[in-house]
Amino acid sequence: MTTAQEQRTAEELKALAERAGRELEDASALDVMRWAVETFGDRFCVTSSMEDAVVAHLASRVKPGVDVVFLDTGYHFEETIGTRDAVEAVMNVNVLTLTPRQTVAEQDAEYGPKLHDRDPDLCCKLRKVQPLEEGLKGYQAWATGLRRDESPTRANTPVVGWDEKRGKVKISPIARWTQDDVDAYVAQHGVLTNPLLMDGYASVGCAPCTRRVLEGEDARAGRWAGRGKTECGLHG
Ligand code: SF4
C-alpha cells in the first residue's frame, strides 16, 4: 500500500466506495474480494459471526493470512466458539477475537442480569457495536457476509457501500447470493460451517436471542423473535 493510499480521507474513501458500488454490482464475489485486497491491502478485514466461513474463505483465496474479526459477546453458543476455533486451526487466516469492555458478570453488576431481555439494543451496543467500532479503527474497509435474500431489512444491501457511521468502506461480496449459492460454495470448497445450521437454526447469533426458524420463515426470523428487533446495530 502506498503512502497516498494510507492517507486517504473519508471523502476519498466515500467516493471510492460509491464508484466501486456501481462498477462491481455484477462482479463475482471473488472479483469483489480481489478489488478489496488490491485497493486496501492490510487496511482491509473480514468480519465473521462464525455462522459459516464462506467470506473468510473467499478472502483467504485472494489474501492468505487475511484478518478475520470475530466478536465474542460472551453469550455465544459453544458451537459458535468451536467454529471459530476450527477456522483458526485449519484456515490460512488471522482470527482476531474482540471482546466487550465488560465481562457478562461486570455488565450484570452494572445493569442487572439478562439485559438482553430488558434492553437488547443496549446489550448489543455494549457487546457488539462498541467492540466492532474499536476493532475496525485500523482498517479502511471491512467485508461482511450480508445477503439480500436473508430478510427484507437486507434487500438493498450494496456489494460495496459507504459505512457513514464508522467512516469505512463496507463490502458485501456475497450480497447477491442466495442460500443455494452459499450451500454450493460450501460443498465445492469444503468450507467450515456452524453445526447449528444443521439443527434448525438459519441464522446464528447470541444464544439468549436466537431460536430455530419455523417452516416458511425468513432466515433471520429466529433472531430476537418477539422483541421487535431485527438487527443488532452492526449493519444499520
Ligand atoms: Fe446481547 Fe442478545 Fe445482542 Fe447478544 S444478541 S449482544 S445477548 S442483546
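These lines cover the structure that appears in this document, whether it is placed above or below. Everything quoted here is computed from the prediction, not taken from an experiment.

Rules and cut-offs
Residues numbered from 1 in each chain as written. Predicted model: local features only at pLDDT ≥ 70, side-chain atom pairs only at ≥ 80, totals over all residues. Pairing = 2+ DSSP bridges. Helix = DSSP H or I, 4+ residues; strand = E, 2+ residues; numbered from the N terminus. Axes fitted to C-alpha atoms, helices over the stretch in contact; angles between N-to-C directions. Near = placed C-beta within 6 Å. Core = buried A, V, L, I, M, F, W, Y, C linked by C-beta atoms within 7 Å. Buried ≥ 20, exposed ≤ 12 C-beta atoms within 10 Å, placed from the backbone. Contact = placed C-beta atoms within 7 Å.

Comments concerning the sheet that holds strand β3 (residues 93–98)
Taken together, the six strands give an open sheet; going across it, the order is β3-β2-β1-β4-β6-β5, and neighbouring strands pair in mixed fashion. Each edge of the sheet is formed by a strand with only one pairing partner; in this case those strands are β3 and β5 (160–163). When the angles between neighbouring strand axes are averaged without regard to direction, this sheet yields 30 degrees. Two strands pair when backbone bridges link them, and strand β2 (residues 66–71) and β3 are joined in this way by six bridges, in the parallel orientation. Paired with V68 across the bridge in β3 is V95.

Looking at the site of the ligand
Taken together, 13 residues lie near the ligand, and H116, C123, C124, C206 and C209 sit nearest. With five residues, the top contributor of residues to the shell around the ligand is helix α8 (residues 120–135).

Re the nonpolar core
Judged by nonpolar contacts, the single largest core of 40 residues is most densely connected at V46 and A56. Those elements that place two or more of their residues in this core are α2 (10–23), α3 (29–40), β1 (44–47), α4 (54–62), β2, β4 (141–143), β5 and β6 (168–171). Contacts of A56, omitting those with residues within four sequence positions, involve V46, S48, V68, V87, M91 and V93.

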